[in-house]
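# Summary of the model geometry
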Amino acid sequence: MNIFEEALMRQAEYQTRRHFLGKCTTGLGALALSSLIGCNWMKDGSGPAPVSGIVRDLSKPFAPLAPHFAPKAKSVIFLHMAGAPSQLELFDYKPALQKLDGLDCPQSLLEGKKFAFITGVPKMLGPQAKFKQYGQSGAWVSEHLPEFSRMVDEVSFLKAMHTDQFNHAPAQLLMQTGSARLGKPSMGSWVTYGLGSENENLPGFMVLLSGGKAPDAGKAGYGSGFLPTVYQGVECRQHGEPVLYVGNPAGMGRDLRKQSIEAINAVNQLHYEEMNDPETISRISQYEMAFKMQVSVPEVMDIQKEPAYIHEMYGAEPGEASFANNCLLARRLVEKGVRFVQLFDWGWDSHGNDPTNALDKGFGNLCRNIDKPVAALLEDLKMRGLLDETLVVWGAEFGRTPMQENREGKEMSFKGRDHHTDAFTVWMAGGGIKGGYTHGETDEIGYYGTSGRTSIFDLQATILNQLGMDHEKLTYAFQGRNFRLTDVHGKVIKEVIA
């Protein structure tokens, strides 16, 4: 083979490979596009076949869309206590459990049950807090939450929540994404995909962490799953840049930054026109949003601008990484039109193996860290007329057992409880939810729900309902079928709706 023949062969190989790859990626891109816009693709390739999902202009991913029906709430603040605090030391008062304190757990409560750490026969553990009734509703609240107790008439308690996941990461995923496995969009992603945002300069879904660690579910707890990546939660920081890399590199001014983004997006646009990969459109939108966030995020994250009485109200300290600061930030974000604000507070795993989380030691400190800020958040939203249109949800991934944990069959150094799936408490406030109401009851030791049992899917359906979305109609076509946050489960908890 001479040089001329070899050149012809190489050219043919290159053109064939390029043609093949181009056709493949175009075809795959088209399939992905059909998935992204919530549509199947027609068999003859003539275009998308409409299904019941939402159709979005991919170049405007946060453009507001009309809800399915008139909403009661515009925004959601979800306060997730990662690790799962004990409902038996906070809201579910069980005096009968005190009478059983220190006795062997009956076999009837252990047969066929799965626990994370309990082995053999544990001892029953009475409430490790004193309770009183508060407000016109007479809600029982423990001594650990004196500030929150003032606000009980704004709240609906769900006392008989249940789940089927007893380990933290899958249970947190189930709570936030509707699935215990990775890969599903989080609630905030579904909400911003379905409704868009009212502020074109801020993301529709923002995430605030406290407690020193991320939740066990990691970033998947606020990821976009199979939805376009532009809908994933944007994590904010309390030290350094409020959002990682939101600032310009040294030596780059805002004008140069703008020119560089325009140049990158021009290349991305050419790539999209050639390959039809819808994720490229998503990338263009992310670059544009990042540029807008350079101005909008530092302004909204600067809580020093708040007056002194507001800082005192929340117990906030600018510059500190704290749940109190995050609650104040959450109010500022919904005030600016952010659709879904997700807070994770880590450290509530009260096994009794560590004094910092033990029910007879550090649990009280954990409660003090959230008590004042949670009460202030509800009070502040109400003062500003925002509570009526903001749904506040407080909860965790599961509850705690009425028995004391006995890891490896041994008595623990401190008093704690194991993970419990059959009964735990979540509360909701504002956004069209009844105030001073309790739905569901547990038995006399708080082991099983005896009436008004509600699942995580029911909670998710109710949150979407308050935002004006039918959880059965908010769907997205992926891998051959329509998916939704609640999958094939869930019903709206109508009893708590005002």
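Up top you'll find the structure we're talking about.
Thresholds applied
Residues numbered from 1 in each chain as written. Predicted model: local features only at pLDDT ≥ 70, side-chain atom pairs only at ≥ 80, totals over all residues. Heavy atoms only, no water. Helix = DSSP H or I, 4+ residues; strand = E, 2+ residues; numbered from the N terminus. Contact = heavy atoms within 4.5 Å. Areas by Shrake-Rupley, 256 points an atom, 1.4 Å probe, with all protein chains shown as cover. 1 Å grid on protein atoms, 1.4 Å probe; cavity = no way out; pocket = protein on both sides within 12 Å on 5 of 7 lines; lining within 4 Å. Points joined across faces, edges and corners; volume = space filled by probe spheres on them. Nonpolar A, V, L, I, M, F, W, Y, C, P; charged D, E, K, R; others polar.

### Overview of the overall build of the protein chain
When you go through the protein chain residue by residue, the secondary structure sums to ten helices and 19 strands. Considering only residue pairs separated by 6 or more positions, the protein chain has 75% of its internal contacts joining residues 24 or more positions apart. Roughly 21,800 Å² of accessible area belongs to the protein chain as shown, and the carbon and sulfur atoms make up 53% of that amount.

### Observations concerning the layout of surface pockets
As a volume, the second largest pocket reaches approximately 520 Å³. Lining the second largest pocket are 29 residues, with Gly211, Trp346, Gly347, Trp348 and Leu366 sitting closest to its centre. Residue assignment for the lining of the second largest pocket shows that the elements contributing at least two residues are α8 (323–335), β9 (340–346) and α9 (363–383). Among the elements that take part in the lining of the second largest pocket, α9 stands out by supplying four residues, more than any other.

### A closer look at empty space enclosed by the protein
Taken as a whole, this structure holds three cavities of 30 Å³ or more when the rule is applied. Here the largest cavity is characterised by a volume of approximately 70 Å³. For the largest cavity, the lining is made up of eleven residues, of which Leu58, Pro61, Pro228, Val230 and Tyr231 are closest to its centre. Considering every element that reaches the lining of the largest cavity, the biggest residue donor is helix α6 (residues 278–301), with three residues. Its residues assigned to classes, the lining of the largest cavity shows nine nonpolar, one polar and one charged.

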